[in-house]
Amino acid sequence: MAENDYVTRVSEHLADIGMSRWDALLANQPEPSPFLKAAYLEALQASGSAVTDTGWTPRYLSLWQGDDLVAACPLYLKQHSYGEYVFDWSWAQAHEQHGIRYYPKGLVAVPFTPVPGPRLMGRDAASRAALVRALVDQVREWRLSSLHLLFLAPQDIEACEQAGLMLRHTVQFHWHNADASGTAFTDFDGFLASLQQEKRKKIRQERRKVAEAGVSFRHAEGPGITAADWDFFHRCYQQTYYEHGNAPYLQPGFFDRMQRDMADHWLLFIAEREGRPIASSLIGIDRSRGVAYGRYWGALERVDCLHFEACYYQPLTWCIAQGFRRFEGGAQGEHKMARALLPVRTTSAHWLAHPAFADAVDRFLDREGQGIDQYLEHLQARSPLRRDAP
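All of the points below concern the structure found in this document. (Residues numbered from 1 in each chain as written. Predicted model: local features only at pLDDT ≥ 70, side-chain atom pairs only at ≥ 80, totals over all residues. Heavy atoms only, no water.)

## Concerning the overall build of the chain
What counts is decided by this rule: What counts as a helix is a DSSP run of H or I of at least four residues, what counts as a strand is a run of E of at least two, and both are numbered from the N terminus. In this treatment the radius of gyration is a C-alpha quantity, and the globule benchmark scales as 2.2 Å times the residue count to the 0.38 power. Summary of the burial criterion: residues with accessible area below 20% of their type's maximum are buried, those above 50% are exposed, and those between are partly exposed, where the area comes from a 1.4 Å probe applied to protein chains only. By definition, residues are in contact when any of their heavy atoms lie within 4.5 Å. For accessible areas, the Shrake-Rupley method is used with a probe of radius 1.4 Å. Any residue's cover is judged against the shown protein chains and nothing else.
Scanning the chain from terminus to terminus reveals 11 helices and 15 strands. Its C-alpha radius of gyration of 22 Å places the chain within 12% of the 21 Å reference for a compact globule of 390 residues. Along the longest, intermediate and shortest principal axes, the C-alpha atoms of the chain span 65 × 45 × 45 Å. Across the 390 residues in the chain, those meeting the buried criterion constitute 55%. Considering only residue pairs separated by 6 or more positions, the chain has 75% of its internal contacts joining residues 24 or more positions apart. Counting only carbon and sulfur atoms, one obtains 48% of the accessible surface of the chain, whose full area is about 17100 Å².

## Description of helix H7 (residues 197–212)
Basically, it comes down to this: Take the residue count of a helix, subtract one, and multiply by 1.5 Å to get its expected span. By definition, the arc is the one covered by directions from the helix axis to the C-beta atoms.
Helix length check: H7, at 16 residues, gives a terminal C-alpha distance of 22 Å against a target of 22 Å (1.5 Å per residue), a fit within 8%. Buried within H7 are the following residues: Lys199, Arg200, Ile203, Glu206 and Val210. Down the axis of H7, the buried side of the element spans an arc of 130°, and every buried residue falls inside it. Facing away from the buried side of H7, by more than 90 degrees, are the exposed residues Gln197, Glu198, Lys201 and Glu212. Against helix H6 (188–192), strand E10 (215–221) and helix H10 (306–322) lie the buried residues of H7. Positive backbone phi, approximately 80°, marks Gly214, located one or two places after H7.

## Here's the deal with helix H9 (residues 252–261)
By the burial criterion, the buried members of H9 are Phe254, Phe255 and Met258. Each buried residue of H9 lies within a common arc of 95° when the element is viewed along its axis, so the set occupies one face. Contacts from the buried residues of H9 go to helix H2 (38–46), helix H8 (227–243), strand E11 (266–273), strand E12 (276–286) and strand E13 (291–299).

## Focus: the packing of aromatic side chains
Pairs of aromatic rings are described using the distance from one ring centre to the other and the angle between the two planes. Using the following cut-off: Pairing of aromatic rings covers Phe, Tyr and the six-membered ring of Trp, with a centre-to-centre limit of 6.5 Å; geometry is then stacked below 30 degrees between planes, edge-to-face above 60, and tilted otherwise. Counted as over-ring charges are cases with an Arg CZ or a Lys NZ within 6 Å of the ring centre that also lie within 35 degrees of the ring normal.
Under the definition given, this model contains 30 aromatic pairs. For the pair Trp91 and Phe364, a centre-to-centre distance of 6.4 Å together with 90° between the ring planes defines the contact as edge-to-face. A residue pair is termed long-range when its members are at least 10 positions apart, and Trp91 in helix H3 (residues 89–97) and Phe364 in helix H11 (residues 355–381) qualify at 273 residues. Taking the ring centre of Trp64 as reference, the NZ or CZ of Arg9 above it sits at 4.2 Å. Taking NZ or CZ as reference, Arg339 lies 3.7 Å from the ring centre of Phe308, over its face.

## Quick look at unusual backbone geometry
A cis geometry characterises the amide bond from Tyr103 onward to Pro104, with omega recorded as 0°. By the secondary structure assignment, Pro104 is in the loop between H3 and strand E6 (105–108). Positive phi is not limited to glycine here, since Tyr85 has a value of about 70°. Along the chain, Tyr85 turns up in the loop between strand E5 (75–78) and H3.

## Thoughts on the state of the cysteines
Definition in use: The disulfide definition used here is simple: a pair of cysteine sulfur atoms within 2.5 Å.
Inspection of every chain in the model, using the stated rule, returns 0 disulfides. Cysteine Cys305 is unpaired, with the sulfur of Cys311 as its nearest cysteine sulfur at 12 Å. You can call Cys305 buried: its relative accessible area is 12%. Here Cys319 stays unpaired: no disulfide links it, and the sulfur of Cys311, its closest cysteine neighbor, is 13 Å away. Under the relative-accessibility criterion, Cys319 is labelled buried at 1%.

## Some points on the sheet that holds E12
Our working rule: If DSSP finds at least two bridges between two strands, the strands pair. To define axes, lines are fitted to C-alpha atoms, for helices over the stretch in contact only, and angles between the resulting N-to-C directions are given on a 0 to 180 degree scale.
As summarised here, the arrangement of the 11 strands in space is E2-E5-E6-E8-E15-E9-E14-E13-E12-E11-E10, forming an open sheet in which the pairing is mixed. Both outer strands of the open sheet, strand E2 (56–58) and E10, are each paired with one neighbouring strand and no more. Each strand axis lies, on average, 30° off the axis of its neighbour in the sheet, ignoring direction. For E10 and E11, the ladder comprises 7 bridges, and the chain directions are antiparallel. The residue bridging Arg218 from the neighbouring strand is Ile270, located in E11. Across the sheet, H10 lies against strand E9 (166–176), E10, E11, E12, E13 and strand E14 (326–331), angled at about 50° from E10, the strand it touches most.

## Comments concerning the environment of Ala358
As for its position among the elements, Ala358 is in helix H11. For the pair Ala358 and Gly298, spaced 60 residues apart in sequence, the C-alpha separation works out to 40 Å. Among all residues touching Ala358, those that are not within four sequence positions of it are Met166 and Leu352.

## Side note on the sheet that holds strand E7 (residues 121–122)
Judged by pairing direction, the sheet is antiparallel, and its 4 strands sit side by side in the order E1-E3-E4-E7 without closing on themselves. Each having just a single partner strand, strand E1 (7–11) and E7 make up the two edges of the open sheet. Inspection of the sheet shows strand E3 (residues 60–65) paired to strand E4 (residues 68–73) by 5 bridges, in the antiparallel sense. Looking at the pairing, Leu61 lines up with Cys73 of E4. The strands that helix H1 (residues 19–27) touches are E3, E4 and E7; relative to E4, the one it contacts most, it runs at about 75°. Each of E1, E3, E4 and E7 is contacted by helix H4 (residues 125–141), which is oriented at about 130° to E3, the strand it contacts most.

## Let's talk about the nonpolar core
Our working rule: Nonpolar cores are built from buried Ala, Val, Leu, Ile, Met, Phe, Trp, Tyr and Cys residues. Side-chain atoms within 4.5 Å join them into one set.
Trp22, Tyr40, Leu41, Leu44, Phe255, Trp266 and Tyr296 are the most contacted members of the largest nonpolar core, which has 48 residues in total. Where this core is concerned, the elements lending two or more residues are H1, H2, E3, E4, H8, H9, E11 and E13. Looking at this core element by element, the count peaks at 6 residues for H8. When neighbours within four sequence positions are excluded, Leu41 is seen to be in contact with Leu14, Trp22, Phe35, Leu36, Tyr60, Pro74, Tyr76, Val110 and Pro111. The next biggest cluster of nonpolar side chains, apart from the first, holds 39 residues, and it includes Val171, Leu267, Cys319 and Leu376.

And the structure:
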């Protein structure tokens, strides 16, 4: 069999590919993400969080040479655009206004998880390129309106661009554990010293408000997170969604599986007042790479500035103590800049079946991309870092 001769398979369950095979392929990618692990994706499906009934029909695409898995990606047939964090509602509306069905569409992403990382797992660049071609072919065969690949790693972007897919950019905010000289911080005060005076003052004021409200924090990592802690966190998580008039994306069974199968990738902060837990934030962690990810938060009682303490200051203090190199703050949130989470560009790739719509979207993305460039320049000019730092 020639090097570029692959057999394409579409699977409804990761077990059909092999959980260990999937994870072995992931481990060979640059900057592998814990959120693409088989256990994570399986938990989303088995818990009923990302399934056909919720608008996410899993169809894992894989390429094989004999018994060797050479490329794979999570593919979903989507009946809506919720839980993606790259917004294409206007594209869907334009299709529908012209009598063209937009949903279902093809989506390569990790459901409800806007964390950049590998999406096209390949043995090498050639197999990754073949995977993109197989995706487009499969979407054509299913007569879907479009294909979307979200929050891509650099090697994925290259493969998609070479295949002629359109690129789209958004902005996230990430914190890096390094001062102006590139030296890691030794404590939170050292981190504050890297910021402009007004930013240092504001952060100290916010932290003081939480402390003066009688709130203290404890944290637990991995197996140290008890079943009671997980239950409390889920109450907080649900409360956040209900307050915004939405049903939670993630079902309780998802967190049960995280506790059972991926506990080492989670860090939980719990806020307490008068001996009672009142709020919590759940942070994803990857100790092997020294990266933490802000994921979920919720509170049962209102305390001024509690969100900032639970979701930024406590995690950053922990990251500094543990020598972690990066904390990713998740989707959107310009307010994060005041906490020294700086703007970074994230990229998605898109293919539309209808030529006229593809041309229109291409022109739209060109204009939008210019706006993103200007937005990044504007944000960089507002950097919270000290300008007089050596």
